[in-house]
Amino acid sequence: MNPPNGRSQEVILYTTSLRGIRKTFRDCNTIKFLLRSFRVIYHERDVSLHLEYRKELCKILGGKVLPPKLFIKGRYIGGVDEVIGLHENGWLGKLLEGTPIEFGEGHCNGCACMRFAICSNCNGSCKVFTKNNGDNNNGELFIRCAECNENGLVKCPICC
């Protein structure tokens, strides 16, 4: 996982897929819609699906922040109000110049563009069965799966 830096041509969008706060979810979708309309390839980092993305965003911006937050070529652009303002003034397209463009449909068959898939090691339970040499539980126990995150998900092996 690489935080945004000024050396790359990447577009990184921190979002949430949780619909608990309707405005936040709607704002995330607004920026995603704008980026898709420019057909740029962007890396979505869903802070609700992966705790490390939330920690990364807090470290970059220096405290607790709510998504969406957009970075273009390692430069912090802002949230939905800033991005819409740039788009309305014709600057968003200029900032996106030189970033990779999506030529195909851009649909991932592995994760449906969610960037995460259910862990095949634990089937999303975050627990794996193991044999133990101890006497308790007939030598069997469950331990935390080392391959997935706190939600039982792994990064999509096809598109990430």
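Since the structure is predicted, the reported quantities are computational estimates derived from the model, not experimental observations. (Residues numbered from 1 in each chain as written. Predicted model: local features only at pLDDT ≥ 70, side-chain atom pairs only at ≥ 80, totals over all residues. Heavy atoms only, no water.)

J.: Looking at this structure, I do not really get the sheet that holds strand β1 (residues 11–15). What am I missing?
T.: Across the sheet, four strands lie side by side as β2-β1-β3-β4; this open sheet has mixed pairing. Only two strands of the sheet have a single neighbouring strand rather than two, namely β2 (43–46) and β4 (75–78). Within the sheet, the average angular offset between the axes of one strand and its neighbour, ignoring direction, is 25 degrees. Pairing analysis gives four bridges linking β1 to strand β3 (residues 69–72), with the strands arranged antiparallel. Residue pairing for β3: I12 is matched across the bridge by F71. Together, β1, β2 and β3 form the strand contacts of helix α1 (residues 22–37), whose direction differs from that of β1 by roughly 160 degrees. Each of β1, β2, β3 and β4 touches helix α2 (residues 51–61); the most contacted strand, β3, lies at about 70 degrees to it. (Pairing = 2+ DSSP bridges. Helix = DSSP H or I, 4+ residues; strand = E, 2+ residues; numbered from the N terminus. Axes fitted to C-alpha atoms, helices over the stretch in contact; angles between N-to-C directions. Contact = heavy atoms within 4.5 Å.)

J.: Would you mind showing me how to read the packing of aromatic side chains here?
T.: Any two aromatic rings considered together are summarised by their centre-to-centre distance and by the angle between their planes. Taken as a whole, this structure holds four aromatic pairs when the rule is applied. Seen from their ring centres, Y14 and F71 are 5.8 Å apart, and the 75 degrees between their planes marks the pair as edge-to-face. Linking Y14 in strand β1 with F71 in strand β3, this pair joins segments that are 57 residues apart in sequence. Relative accessible area serves as the criterion here: at 0%, Y14 is assigned to the buried category. Each ring, one from F71 and one from Y76, has its centre 5.2 Å from the other, and the planes form 50 degrees; the classification is tilted. Y76 sits in the partly exposed class, given a relative accessible area of 37%. An aromatic cluster of three or more residues is present, and its members are Y14, F71 and Y76. (Phe/Tyr/Trp six-rings, centres within 6.5 Å; stacked < 30°, edge-to-face > 60°. Buried < 20%, exposed > 50% of the residue type's maximum accessible area, 1.4 Å probe, protein only.)

J.: Is there a simple way to think about the nonpolar core in this case?
T.: A general tendency of soluble globular proteins is for nonpolar side chains to be buried together. V11, L35, L70, I72, V83 and L96 are the most contacted members of the largest nonpolar core, which has 14 residues in total. At the level of secondary structure, the elements contributing two or more residues to this core comprise β1, α1, β3, α3 (80–88) and α4 (91–96). In this structure, L35 is in contact with V11, L13, V40, Y42, L70 and L96, ignoring residues within four places of it in sequence. L49, Y53, L57 and L153 belong to the second-largest nonpolar core, a separate cluster that totals nine residues. (Core = buried A, V, L, I, M, F, W, Y, C linked by side-chain atoms within 4.5 Å.)

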